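# Examination of the molecular architecture
Now for the letters of each chain:
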Amino acid sequence: MTQHTLFRRVPDTFRPFRVLDAYSCIGGGTKGYRAAFGEDCHITGVDKEAQPDYCGDDFHQGDAIAFILAHGHEFDFIHASPPCQGEGAPTKGTNKARNAAIGRTYPRLIAPTRAALETTGRPYVIENVAGSEVRKDIRLCGEQFGLAVLMHRYFELGGWTTARPAHPRHRGRVRGYRHGEYFDGPYVAAYGKGGGKATVEEIRAAKRIDWSTDHLRLREALPPAYTEWIGRAYLATLAPALEVAA
């Protein structure tokens with residue numbers, strides 16, 4: 001695919017294509033968009049927690065929804081990865097009962113994030129897990145990119161669309177213990193600790209993230225290959241207009 005450098009025209013001048021990575025963590029998504037959009041784009045991360053390893057151009061510590069509402073219109077493309085703890089398995093069935101018993105609650109942030117994104121008028125992506133309320137426009141898996149981690153994630157596309165890629169057959173199991181039995185396989189479990197789950201170095205290699213050694217944040221981070229694919233897919237939707245403008 002031909003890669004275009006993206007600029008938005010302002011009278012008699014240019015400015016870089018601006019990307020917002022909301023709920024950014026260390027910037028797994030940021031790194032992928034950088035690869036897709038080029039070094040001349042400008043990427044801002046937002047997260048409620050300090051992220052000293054964040055790899056983008058600017059970082060804002062604070063509430064992602066409030067930032068989107070106040071500044072989202074200033075960006076050309078917005079990615080949002082609301083925390084999955086309130087969306088998937090931890091809030092289902094016995095896990096939900098267990099969490100309630102110990103007073104643990106998780107906010108459900110997809111709907112308010114979507115509502116905030118809609119106010120901006122900008123193209124956006126919301127990413128989350130299988131059990132979430134995110135619309136399942138795109139499903140990506142590590143096997144599609146030759147990664148040593150599966151990590152199925154779903155992407156809702158706002159204001160644009162693209163074809164859903166085929167999901168390849170997995171080459172084997174995820175390495176680790178299941179119900180007391182150990183299984184080997186080509187993929188590592190990049191979540192939790194113990195039971196044969198991935199070490200820091202294994203997660204770094206599996207996700208192709210080389211700028212952090214924080215075990216928790218490495219586990220949470222998206223593989224950059226996912227958002228590089230998303231970014232290139234979005235770029236392809238702009239290609240005809242860019243070629244005419246050129």
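Inspection of every chain in the model, using the stated rule, returns 12 aromatic pairs. Every member of this aromatic cluster is reached through a ring pair, and the members are Phe17, Tyr33, Phe37, Phe77, Trp160 and Tyr234.

Turning to the environment of Arg122, a few remarks are in order. Along the chain, Arg122 falls in the loop between α4 (110-120) and β7 (124-128). Relative accessible area serves as the criterion here: at 26%, Arg122 is assigned to the partly exposed category. Sequence separation between Arg122 and Phe75 is 47 residues; the distance between their C-alpha atoms is 7.4 Å. Discounting chain neighbours no more than four positions away, the residues touching Arg122 are Gly72, His73, Phe75, Ile78 and Gly158. One polar contact links the side chain of Arg122 to the main-chain carbonyl oxygen of Phe75, over a distance of 2.9 Å.

A full pass over the atoms with the stated rule returns 13 salt bridges. Across the pair Glu133 and Arg108 runs a salt bridge whose closest N-O atoms are separated by 3.2 Å. Note that Glu133 is positioned in the loop between β7 and β8 (138-140) and Arg108 in the loop between α3 (93-101) and α4, a separation of 25 residues in sequence. Its relative accessible area of 43% is what places Glu133 among the partly exposed residues. For Glu228, the salt bridge identified is with Arg232, shortest N-O distance 3.2 Å. Taken together, the positions of Glu228 and Arg232, both in helix α7 (residues 224-245) and four residues apart, correspond to about one turn of that helix. A residue is classified by how much of its surface remains accessible, and Glu228, at 26% relative accessible area, is partly exposed. Each member of the salt-bridge network shares a partner with another, and the members are Arg114, Arg135, Asp137 and Glu156.

Our focus in this paragraph is the sheet that holds β7. Sheet architecture is open: seven strands sit in the order β5-β4-β3-β6-β7-β9-β8, paired in mixed fashion. Each of the sheet's edge strands pairs with one partner strand only, and the pair in question is β5 (58-61) and β8. Each strand axis lies, on average, 20 degrees off the axis of its neighbour in the sheet, ignoring direction. Here three bridges tie strand β6 (residues 77-80) to β7, and the two strands are oriented parallel to one another. Paired with His79 across the bridge in β7 is Val125.

This part is about the nonpolar core. Core analysis: the largest hydrophobic core is formed by 36 residues, its most contacted members being Phe37, Phe77 and Ile230. If you list the elements that add at least two residues to this core, you get α1 (28-37), β8, β9 (153-158), α5 (200-207) and α7. No other element matches α7, which puts five residues into this core. Counting 19 residues, the second-largest nonpolar core is a separate cluster that includes Tyr23, Ile78, Val134 and Tyr154.

Turning next to the pairing of strand β3 (residues 18-22). Taking burial as the measure, the five residues of β3 include four buried ones, the bulk of the element. The pairing of β3 with strand β4 (residues 42-47) spans five bridges and is parallel. Note on β4: the bridge partner recorded for Val19 is Ile43. For the segment spanning β3, α1 and β4, crossover handedness is right-handed. Strand direction decides the pairing type here: β3 and β6, joined by four bridges, are parallel. The residue of β6 that forms the bridge with Val19 is Phe77.

Glancing now at the confidence of the model for the protein. Across the protein, pLDDT averages 88, with 83% of residues at or above 70. Contacts of residues 1-5 to residues separated by more than four positions or lying in other chains number 14 contacts, the stretch itself having pLDDT below 50. Contacts of residues 90-100 to residues separated by more than four positions or lying in other chains number 15 contacts, the stretch itself having pLDDT below 50.

What counts and how
Residues numbered from 1 in each chain as written. Predicted model: local features only at pLDDT ≥ 70, side-chain atom pairs only at ≥ 80, totals over all residues. Heavy atoms only, no water. Phe/Tyr/Trp six-rings, centres within 6.5 Å; stacked < 30°, edge-to-face > 60°. Helix = DSSP H or I, 4+ residues; strand = E, 2+ residues; numbered from the N terminus. Buried < 20%, exposed > 50% of the residue type's maximum accessible area, 1.4 Å probe, protein only. Contact = heavy atoms within 4.5 Å. Polar contact = N/O pair within 3.5 Å; in protein donor to acceptor, adjacent residues only side chain to side chain. Salt bridge = Lys/Arg side-chain N within 4 Å of Asp/Glu carboxyl O. Pairing = 2+ DSSP bridges. Axes fitted to C-alpha atoms, helices over the stretch in contact; angles between N-to-C directions. Core = buried A, V, L, I, M, F, W, Y, C linked by side-chain atoms within 4.5 Å. Right-handed = clockwise from strand over helix to strand, strands pointing away. pLDDT = per-residue confidence, 0-100.

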